[in-house]
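# Per-entry structural report
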Protein chains: 2
Amino acid sequence: MVKVLVIGAGAIGAFYGSLLAKAGAEVSVVCRSDYDQVKQHGFIIDSRSLGRWNFIPAQVLKNAADFEGSADTILLCTKVIPAVDRVALIQPAVAENTAIVFIQNGVEIEQEMLDAFPNNEVVSGLAFICCNRIGPGEILHLAYGRLALGNLPNGISNKTAQLCELFSHSGIDCNTNENIITGRWQKCIWNAPFNPLSVLSGGLPTLDILQNQEPFVRNIMQDVFNIAAASGHPLPDNIININIEHTYAMPPYKTSMLLDYENGQPMETEAILGNAVRAAQRLGISVPYLESVYALMKLRELKLIVKK
Amino acid sequence: MVKVLVIGAGAIGAFYGSLLAKAGAEVSVVCRSDYDQVKQHGFIIDSRSLGRWNFIPAQVLKNAADFEGSADTILLCTKVIPAVDRVALIQPAVAENTAIVFIQNGVEIEQEMLDAFPNNEVVSGLAFICCNRIGPGEILHLAYGRLALGNLPNGISNKTAQLCELFSHSGIDCNTNENIITGRWQKCIWNAPFNPLSVLSGGLPTLDILQNQEPFVRNIMQDVFNIAAASGHPLPDNIININIEHTYAMPPYKTSMLLDYENGQPMETEAILGNAVRAAQRLGISVPYLESVYALMKLRELKLIVKK
């Protein structure tokens, strides 16, 4: 039986972990905020597409160091924010044969992992999902759910293929992606405009943003498109049009950054925008629209700190 | 005795009107919000540099159409916002020999006046002042106060020179400026970054903005600098450095746009940013940083409308 340790069992971690458990894996979790509740009662997963069930982890832990046994796979699902040291967080549970899978937002978040664990399999994962924690240990899966997994620097290992099968078995669309870094830039095309604009506008849903400032949204997307191309991960020519059309078709949607903002939680400004802007600087590309929203998000964050 | 009608007697209008009255002019006012108070008791002007006095206008009116007599000079001091029709507002009081002086923010706000009143003298005015309405009919003059006046399209008329003398006589530094349109672009160098950034950051004072995002501020200033040059109003080469240094030296300051925002008042987004962006489009200049803050301010305003 494959042993999985989920680190950062918030909405995303608990949901995907529960699917692996459903498919027969032995799944343990490290969760800090809802520890007491989850230790006693496990998670309630309420999915609009897959039903409602109780997920009882094999071990419920406060720290990775408390994990008993050896994990075949670590599923790292925290937010990517400066306050969280991803390497230190998983280090104590990484054994010789542990594969490290991170399902996280952002671009250029790979190297840190590859540097820290040169002898482990490292897998990059992207979740396309709308899933929220609605109470202690209670996760509401609203829509979507697709997962893309790919080994770093590229390719697909047996372990990754097996993991993908387990997810699929539980009813989630999981694809392997041989160029997962390209996939990350592709996701950034959508995240880079809509996440910060939803916050900076004061809370507008995606449709209002698009209907009123489509040229601005496209300009930010074009900046990301150009960075991806220059960094050796060119995206399809029609990717911007596809994202625009897709967003017009979506129900009005609150972005993850807006939810974090409204809940007083730290935002993934650096992972999504800062890393992209730094990549542009390294590559000598001008990305004025992206730079502008990044600068404004940093001011917004500064104001939040000043307020506290 | 020179007859002056102030239209839009908020903080700026009441303050400058009171100075002309002090210097011996017969000053009437159109003021809507504080009409009852001002009709009964006039204005209280409390100036940190010039003392405290009571300004009793010759006529206190709700509309320009109620003005009795003929104005030598109309002093238009409303905010420049789409909801206010500047021409319609002053039209009823404009006589054959009336000079129209507007002390208002923004760029490219001249043509509308020149088109509507081709046979009148039109004077553009810029106020460098920190002055707030702190209660009904009560104006607090905190700092600065310099005024620049110049005829359109350029030059200085006798009437303008005379007006300038009256202001100077009352203790305010008033200069004539033969290229007042250039002066307007020069003021925009400061307004274009600090006004929107103070709002979009959620309320940061100018010093915090500058200390944390100086390169972004400079990029917006450079966009304005480029428009001014392309529109035939080149600014001094060192103007950006001067503005940056000056702002570091200023006490932390809440911009007028931030004050409007916090008070639920409409903001001069179109006069300051929209007109500048449209000028750039007309001239075929790329101004991505300015465009970005303009787009974000439009989203912020949209959110305010949605909220109501």
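## A word on the overall build of chain A
The secondary structure content of chain A amounts to 11 helices and 10 strands. Viewed in the frame of its principal axes, chain A has a C-alpha envelope of about 50 × 40 × 40 Å. Going through the 308 residues of chain A one by one, you find that 57% of them count as buried. Long-range contacts, defined here as pairs at least 24 residues apart, represent 69% of the contacts in chain A between residues at least 6 apart. Of the roughly 12,600 Å² of accessible surface on chain A, a fraction of 48% belongs to carbon and sulfur atoms. Taken as two groups, the 23 positive and 29 negative side-chain charges of chain A have centres that lie 7 Å from each other.

## Some points on the side chain of Ser 170 of chain B
With respect to the element layout, Ser 170 of chain B can be found in the loop between helix H5 (158-169) and strand E10 (174-176). Here Ser 170 of chain B is in contact with Leu 19, Lys 22, Ala 23 and Leu 50 of chain B, once residues within four sequence places are set aside.

## Quick word on the relation of the copies chain A and chain B
Superposing chain A onto chain B takes a rotation of 180 degrees combined with a translation of 0.0 Å along the rotation axis, leaving an RMSD of 0.0 Å. In short, the pair behaves as if placed about a two-fold rotation axis. Of the residues that chain A buries at the interface, 100% are likewise interface residues in chain B, meaning the two copies contact each other through the same surface.

## Remarks on the domain arrangement of chain A
Interface size is often expressed as the accessible area that is lost when the parts come together. All names here are of chain A. Its domain assignment divides chain A into domain 1 (3-178) and domain 2 (182-307). One C-alpha centre belongs to domain 1, the other to domain 2; they are set 25 Å apart. Listed as interface residues are 22 residues of domain 1 and, on the opposing side, 23 residues of domain 2. Counting the surface lost from both domain 1 and domain 2, the interface buries some 1,800 Å², and carbon and sulfur atoms represent 52% of this. The largest contributions to the domain 1 side of the interface with domain 2 come from Asn 105, Val 107 and Glu 108, which together make up 36% of the buried area. Connecting domain 1 to domain 2 are 3 salt bridges. For Arg 184, the salt bridge is made with Glu 110, and the minimal N-O distance between the two is 3.5 Å. Inspection of the domain 1/domain 2 interface yields 13 residue pairs in polar contact (both at pLDDT 80 or more). Per-class residue counts for the side of domain 1 that touches domain 2 are 12 nonpolar, 7 polar and 3 charged.

## Describing the packing of aromatic side chains
By the definition in use, this model includes 10 aromatic pairs over all chains. Note on Phe 216 of chain A and Tyr 289 of chain A: the rings are 6.4 Å apart at their centroids and 65 degrees apart in plane angle, and the pair reads as edge-to-face. Taken as a pair, Phe 216 of chain A in helix H7 (residues 206-230) and Tyr 289 of chain A in helix H11 (residues 288-307) lie far apart in primary sequence, 73 residues in all. Each member of the pair, Phe 216 of chain A together with Tyr 289 of chain A, is buried. By way of ring pairs, the aromatic residues Phe 15, Tyr 16 and Phe 167 of chain A are connected into one cluster. Just above the ring of Phe 128 of chain B sits the side chain of Arg 146 of chain B; from NZ or CZ to the centre is 4.3 Å.

## Remarks on the interface of chain A and chain B
Listed by partner, the interface residues are 25 residues for chain A and 25 residues for chain B. Summed over both partners, the interface of chain A with chain B buries about 2,200 Å², with 69% contributed by carbon and sulfur atoms. Inspection of the region where chain A meets chain B yields 0 salt bridges. Where chain A meets chain B, there are 7 residue pairs in polar contact (both at pLDDT 80 or more). At the level of elements, helix H6 (180-200), H7 and H11 of chain A are the ones that each hand at least two residues to the side of chain A that touches chain B.

The rules behind these values
Residues numbered from 1 in each chain as written. Chains lettered and ligands numbered in written order. Predicted model: local features only at pLDDT ≥ 70, side-chain atom pairs only at ≥ 80, totals over all residues. Heavy atoms only, no water. Helix = DSSP H or I, 4+ residues; strand = E, 2+ residues; numbered from the N terminus. Buried < 20%, exposed > 50% of the residue type's maximum accessible area, 1.4 Å probe, protein only. Contact = heavy atoms within 4.5 Å. Areas by Shrake-Rupley, 256 points an atom, 1.4 Å probe, with all protein chains shown as cover. Lys, Arg positive; Asp, Glu negative; His and termini not counted. Charge placed at Lys NZ, Arg CZ, Asp CG, Glu CD. Least-squares fit on C-alpha atoms with pLDDT ≥ 70 in both. Domains from an automatic or database assignment. Buried area = accessible area lost by both parts, 1.4 Å probe. Salt bridge = Lys/Arg side-chain N within 4 Å of Asp/Glu carboxyl O. Polar contact = N/O pair within 3.5 Å; in protein donor to acceptor, adjacent residues only side chain to side chain. Nonpolar A, V, L, I, M, F, W, Y, C, P; charged D, E, K, R; others polar. Phe/Tyr/Trp six-rings, centres within 6.5 Å; stacked < 30°, edge-to-face > 60°. Lys NZ or Arg CZ within 6 Å of the ring centre and 35° of its normal.

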